[in-house]
Amino acid sequence: MSGWQGCVQYLFYYETPKTLVIPNITVGFVFRFTQLLVVLYVLGYVCLVQKAYQETDSVVSTVTTKVKGFAFTNASSIKYWDVADYVIPPQGGNSFFVLTNMIVTLRQTRSRCPLLPDHSTVCVDDCDCIEGLNDPRGSGIQTGLCENFSTTVKTCEVISWCPLEIDSHLPDHALLDSAENFTVLIKNSITYPKFNFYRRNIAPHINSSYLRSCEFKRSSDPDCPIFRLKNIVSEAGEDFQDMAVKGGILGIIIDWSCDLDWWARKCSPKYSFRRLDSRIPNSDVAPGYNFRFAKYYMDQGGEEFRTLFKAYGIRFDVIVFGTAGKFGVVPTVVNLGAALTFLSLVPLVADWFLLTCLRKKDLYSRHKVSYLKEDTDSEGETMRTIFGTK
Amino acid sequence: MPCCGVLCQYETNKLVRIQSVKLGSLKWSLNGAILLFICIMLLWNRSYQEFDLVVSSVTTKVKGVAQTQLPGVGDVVWDVVDYSGPSQEKNSFFVVTNVLMTKNQKQGKCPEVPLKGRLCRTDKDCEKGGWDQQSHGIKTGSCVKFDVLRKTCEVSAWCPVETKRSPPRPALLAAAENFTVLIKNNIRFPAFNYIRRNILPNMNDAYLRSCQRGGDPLCPIFRLGDVVREAGEKFSEMAVEGGVIGILIKWDCNLDRLMQRCLPRYSFRRLDEKESNRTLYPGLNFRYAKYNTVNGVEERTLYKAFGIRFDVMVFGQAGKFSFIVLIIYIGSTLSYYALTTLMIDWLIGTRCYSADVGQNYSEKKVESVQDKQKCVLCVSYVDENNIRLVKRSQKNSLQDITPISVQSHKEDTRHLSACLLQPGVSVDQDHQPPLDHKPDPAPKSSPPAWCKCARCTPSSLPQEELCCRRSEGACIASSPLFQQLVLRRSLLEAVLLYRDPLSAPAGPGHTALRHCAYSQYISWRFGVPPSNSHPAIPSCCIGRVRGEYPSPDGKYSGFRPARMVSMQACANGDL
């Protein structure tokens, strides 16, 4: 009964800790200064720098690209190159390859021919060649015969697409050197699904007449999504003509880091360019970027033949990344709570300072700490009347 | 006990408990509100869960056949291989809806297409080797007939050059609207090792063959026309120039055992800009070529393919109960309860709550450690009903200092009962009449400027320059009650005896009697003085008491409230 009553009474108590006021400039300064530090940390670092009150989401994006340009070369069966020829694959997704240099092997058929001469393929007679040998690094299956490669050298014969490709002489100057003047239009549409936020890299205020004439320049036209390949490469710190010879991979990096709060609603793409494959000068181990592809034909007799291209070029990877932040209640609650906890630690620091570093620490600790001994039942301290003692 | 030291001690905060229904219920309702808020946030945002982002793979399969009438070719049947474009991309598929074909192009020379002002009259208009973005080839330097009326510069290029610029209307493969696509989406939440796909376990072959999105939102087979329509577009219009449609698959999963739910939600959206005046090259198109040789001469057929690219975007997250996350959340929200105390303390301090209670409360709650440099004096005037707290100053006289705060007078009732309600003491042994006016020494010299009652003695110390009243008027020391409460010898002796029953009767020095008279005055005029302040006695009263109980050598210690003395001594008003 009494316990229950006590409970009810407890409901209507208000309890608050006793406060000891210490009018001392030093400890007051330490207290306020520590408090200020915590508040600065919370406001400056947690809120302003880290934006810990925000929920974040990462970007989901689609990219379409469109390359424009025309190239001319004398050193190939095809003299005039347009988009359909040099952009592989042609769709224009987030990665496109612009062919700049090539080794063309015309009119290969499935037949027999002698291997290219090197120390393992040179032979004197048929005994040097093993029938059926399929060297993974070779170009075909050996027939076991030793044939004349030229008037002086004999090599083993293989079944393969013949004549074999001779890729030792890469043109020193890129065949499609005018590719540096090609332009690419990048259309990028992003969404932050958590915030239901959609945006395109062509800003709403841009119209088509501006797009027809503009070109991306960091200083004057930072919003124009049309890039000249030469400028992309030079912004990445490379020389186009150097890179065009052996190829390479170049990243077009679009950064969509956004602050979607209404007071800071600014969300525009930032472009940057970087070479992604490692470029070690004079490294012989598979430098640059190349791949082979072939065009297949039928001749009148119904026999299939192909033209093999070893294509060197620059692959442009459009890399879209970014995180968006928007005010969220839960991160705010959690971080504010943590900040409050930090603030409640401040008196501990001030107490420590008060009780250890000050000259009159004994006086303060006498006031701050009152001892209660269990064996003395009575009240430890009686209130002394402090007036009229004399 | 002392050997225990720090280890055997428990330190706890001192509490001030106010028994007030109002404050108690306010505290509980504030706590309840905070708890409610935290719980709602916890449940609403599932803050007790650990979240993981989806990892997914997508494969698509488009089905459908369309027949078109191509100019110059005749009826052409298009199946998947034809209309899907040259190669597949990751997470996306392409459907050709419209096409411009230029057949049998050879490397050679031919007139350029007349595009806005590209006409020429003579060879001089055509610069040899000239080239720009829009042209199809390199100018040879001659001007040739394009058709009957117009002449254009000749270019070296793939000839004949592509002449048509705009796609045919209506789209050639508008029938692609009826194609269907099966999207297979396998997802994984690596943190929970949870695997699922969008073809649910209960979907069998027969279901997949017959299901439609209209009837079942989980059906993984979509008609392209429906997809475009749900994206808010018209397929027949979009098919002309192409575009990009996003198929968004959202996996919002709850993996807790009680409420397990993990189903995909599909939505569709057009991703590219459809208004052609806002963008360059609206829609989506690309060119590709098919090569062949005729008599050893390389030829190609150039296709400009317009179509719709469908990008499948998978996103989402799964949440599962995590004890650590819950603990972190609770831990960081616990500190909010400290706000209740802060808020109520503030509320009591302000005027919103009753001022009396606030006064009482702050006295109980706040204890001040008096440092030597601060000594607050309290002053009471006979013509004012409250007590002023003033800071001591070395320059101004105490009378003129503006108060730092004004407090109400608190009666010490015990004093009253001791002094007034003891008739035996107060009346019987009193030889002096209460209204006995002794000639005072003060009126002889003119009173100082700060004196309002004309009975003060001039003083060199500013802290002694205090009168008993603010405005001109009679001195309190001349009142009969002053005589009765402060000066009466019998009362003072009784008080001294009360304090120390065995003390000798007051000697000729009068020191004890004088000090007792001071404390009588303080108890009378100040009651219980505000804490941490030292009552100051007006100069006129000091003069009167000294006149009544003079020191034999004529030396008095004077008013020294806080000079190298403890708080206790300071409070005594050591005079």
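Because the structure is predicted, anything quoted here is derived from the model rather than measured. (Residues numbered from 1 in each chain as written. Chains lettered and ligands numbered in written order. Predicted model: local features only at pLDDT ≥ 70, side-chain atom pairs only at ≥ 80, totals over all residues. Heavy atoms only, no water.)

What follows is about the overall build of chain A. Helix and strand content of chain A: 8 helices and 19 strands. The globule rule puts the C-alpha radius of gyration for 390 residues at 21 Å, and the 39 Å found for chain A is more than 25% above it. For chain A, the C-alpha atoms occupy an extent of roughly 135 × 65 × 50 Å along the three principal directions. In chain A, the proportion of contacts linking residues at least 24 apart, taken out of those at least 6 apart, comes to 69%. (Helix = DSSP H or I, 4+ residues; strand = E, 2+ residues; numbered from the N terminus. Rg over C-alpha atoms; globule rule 2.2 N^0.38 Å. Contact = heavy atoms within 4.5 Å.)

Looking only at helices and strands, chain B features 15 helices and 20 strands. Scored against the burial criterion, the 575 residues of chain B give a buried share of 46%. Nonlocal contacts in chain B, meaning residues at least 24 apart in sequence, comprise 67% of its contacts between residues at least 6 apart. As displayed, chain B offers around 30700 Å² of accessible surface, 56% of which is attributable to carbon and sulfur atoms. (Buried < 20%, exposed > 50% of the residue type's maximum accessible area, 1.4 Å probe, protein only. Areas by Shrake-Rupley, 256 points an atom, 1.4 Å probe, with all protein chains shown as cover.)

In this numbering, the UniProt entry assigns the feature "transmembrane region" (unreviewed entry) to residues 20–43 and 336–358 of chain A. Secondary structure across residues 20–43 of chain A divides into 79% helix and 8% strand, with the first and last C-alpha atoms of the span separated by 29 Å. (UniProt positions renumbered as here; feature names shortened; annotations may be inferred.)

Glancing now at a positive patch on the surface. Together, Lys61(B), Lys63(B), Lys184(B) and Arg197(B) line one region of the surface with positive charge. Structurally, Lys63(B) can be placed in strand β3 (residues 55–63). (Patch = residues over 30% accessible without salt bridge, like charges linked within 9 Å, V, L, I, M, F, W, Y side chains within 5 Å. Salt bridge = Lys/Arg side-chain N within 4 Å of Asp/Glu carboxyl O. Lys, Arg positive; Asp, Glu negative; His and termini not counted. Charge placed at Lys NZ, Arg CZ, Asp CG, Glu CD.)

Turning next to the packing of aromatic side chains. Residues and elements named next belong to chain A. Evaluation of the coordinates by the stated rule reveals 35 aromatic pairs over all chains. Taking the centre distance of 5.1 Å and the plane angle of 90° together, the rings of Trp262 and Trp263 count as edge-to-face. Under the relative-accessibility criterion, Trp262 is labelled exposed at 71%. Aromatic ring contacts, followed pair by pair, group Phe97, Tyr289, Phe291, Phe293 and Phe309 into a single cluster. (Phe/Tyr/Trp six-rings, centres within 6.5 Å; stacked < 30°, edge-to-face > 60°.)

A few words now on the interface of chain A and chain B. Contacts between the two partners involve 84 residues from chain A and, on the opposite side, 96 residues from chain B. Taking both partners together, chain A and chain B bury about 8300 Å²; carbon and sulfur atoms supply 56% of that area. Summed over the shared surface of chain A and chain B, the result is 4 salt bridges. One salt bridge connects Asp82(A) with Arg300(B), and the closest N-O pair in it is separated by 2.6 Å. Here chain A is connected to chain B by 25 residue pairs in polar contact (both at pLDDT 80 or more). As paired strands, strand β1 (residues 13–17) of chain A and strand β1 (residues 15–19) of chain B are joined by 5 bridges and run antiparallel to one another. Directly across from Tyr13(A), in β1(B), lies its bridge partner Gln19(B). (Buried area = accessible area lost by both parts, 1.4 Å probe. Polar contact = N/O pair within 3.5 Å; in protein donor to acceptor, adjacent residues only side chain to side chain. Pairing = 2+ DSSP bridges.)

Let's shift gears to the confidence of the model for chain A. Residues of chain A with pLDDT of at least 70 account for 93%, and the chain-wide mean is 83. Predicted confidence for residues 377–390 of chain A stays below pLDDT 50, and this span has 16 contacts to residues more than four positions away or in other chains. (pLDDT = per-residue confidence, 0-100.)

Time to look at the UniProt feature "glycosylation site" (unreviewed entry) in chain A. In the numbering adopted here, UniProt assigns the feature "glycosylation site" (unreviewed entry) to Asn181(A). Tracing the backbone through its elements, the reader meets Asn181(A) in the loop between β10 (154–162) and β11 (183–192).

This brings us to the pattern of salt bridges. Considering all chains together, one arrives at 28 salt bridges over all chains under this definition. Measuring nitrogen to oxygen at the nearest pair gives 3.5 Å for the salt bridge that ties Arg110(A) to Glu304(A). One end of the pair, Arg110(A), is in strand β8 (residues 95–114); the other, Glu304(A), is in strand β18 (residues 304–321), with 194 residues separating them in the sequence. Residue classification places Glu304(A) among the partly exposed residues on the basis of a relative accessible area of 31%. Between Asp311(B) and Arg309(B) there is a salt bridge, with the nearest N and O atoms lying 3.1 Å from each other. As far as burial versus exposure is concerned, Asp311(B) and Arg309(B) are alike and both buried. When salt bridges that share partners are traced, they join Asp82(A), Asp85(A) and Arg300(B) into one network.

For Thr64(A), the position within the fold is in strand β4 (residues 60–68). The contact partners of Thr64(A), leaving out residues within four places of it in the chain, are Gly92(A), Leu185(A), Ile186(A), Lys187(A), Val244(B), Leu284(B) and Arg309(B).

What follows covers the sheet that holds strand β19 (residues 323–327) of chain A. Residues and elements named next belong to chain A. With respect to topology, 3 strands assemble into an open sheet ordered β3-β19-β15, the strand pairing being mixed. At either end of the open sheet lies a strand with only one pairing partner, and these are β3 (54–58) and β15 (258–259). Examined bridge by bridge, β3 and β19 share 5 bridges and lie antiparallel to one another. Note on β19: the bridge partner recorded for Glu55 is Lys326.

This paragraph deals with the environment of Pro89(A). Checked against the element boundaries, Pro89(A) lands in the loop between β7 (87–88) and β8. For Pro89(A) and Thr109(A), which are 20 residues apart along the polypeptide, the C-alpha to C-alpha distance reads 25 Å.

What follows deals with the state of the cysteines. The full count for this structure, using the stated rule, is 10 disulfides over all chains. Put simply, Cys123(A) and Cys146(A) are joined by a disulfide, and their sulfur atoms are 1.7 Å apart. Classification of the bridge connecting Cys123(A) and Cys146(A) rests on its S-S torsion, roughly 100°, and on that basis the disulfide is right-handed. With a gap of 23 residues between them, Cys123(A) in the loop between β8 and β9 (141–148) and Cys146(A) in strand β9 connect regions that are remote in the sequence. For Cys123(A), a relative accessible area of 4% corresponds to the buried category. For Cys146(A), a relative accessible area of 7% puts it in the buried group. The thiol of Cys541(B) is unpaired, and the distance to the nearest cysteine sulfur, on Cys540(B), comes to 4.1 Å. For Cys541(B), a relative accessible area of 2% puts it in the buried group. (Disulfide = S-S within 2.5 Å.)

Time to look at a negative patch on the surface. Residue and element names in this part refer to chain A. On the surface, Asp125, Asp126, Asp128 and Glu147 cluster together to form a negatively charged patch. Residue position: Glu147 is located in strand β9. For Glu147, a relative accessible area of 31% translates into the label partly exposed.

Another aspect to go through is the UniProt feature "transmembrane region" (unreviewed entry) in chain B. Residue and element names in this part refer to chain B. Feature annotation in UniProt places "transmembrane region" (unreviewed entry) on residues 28–44 and 323–348, given in this structure's numbering. With 100% helix and 0% strand, the stretch residues 28–44 has end C-alpha atoms that lie 23 Å from each other. Measuring from the first to the last C-alpha atom of residues 323–348 gives 39 Å, for a span that is 88% helix and 0% strand.

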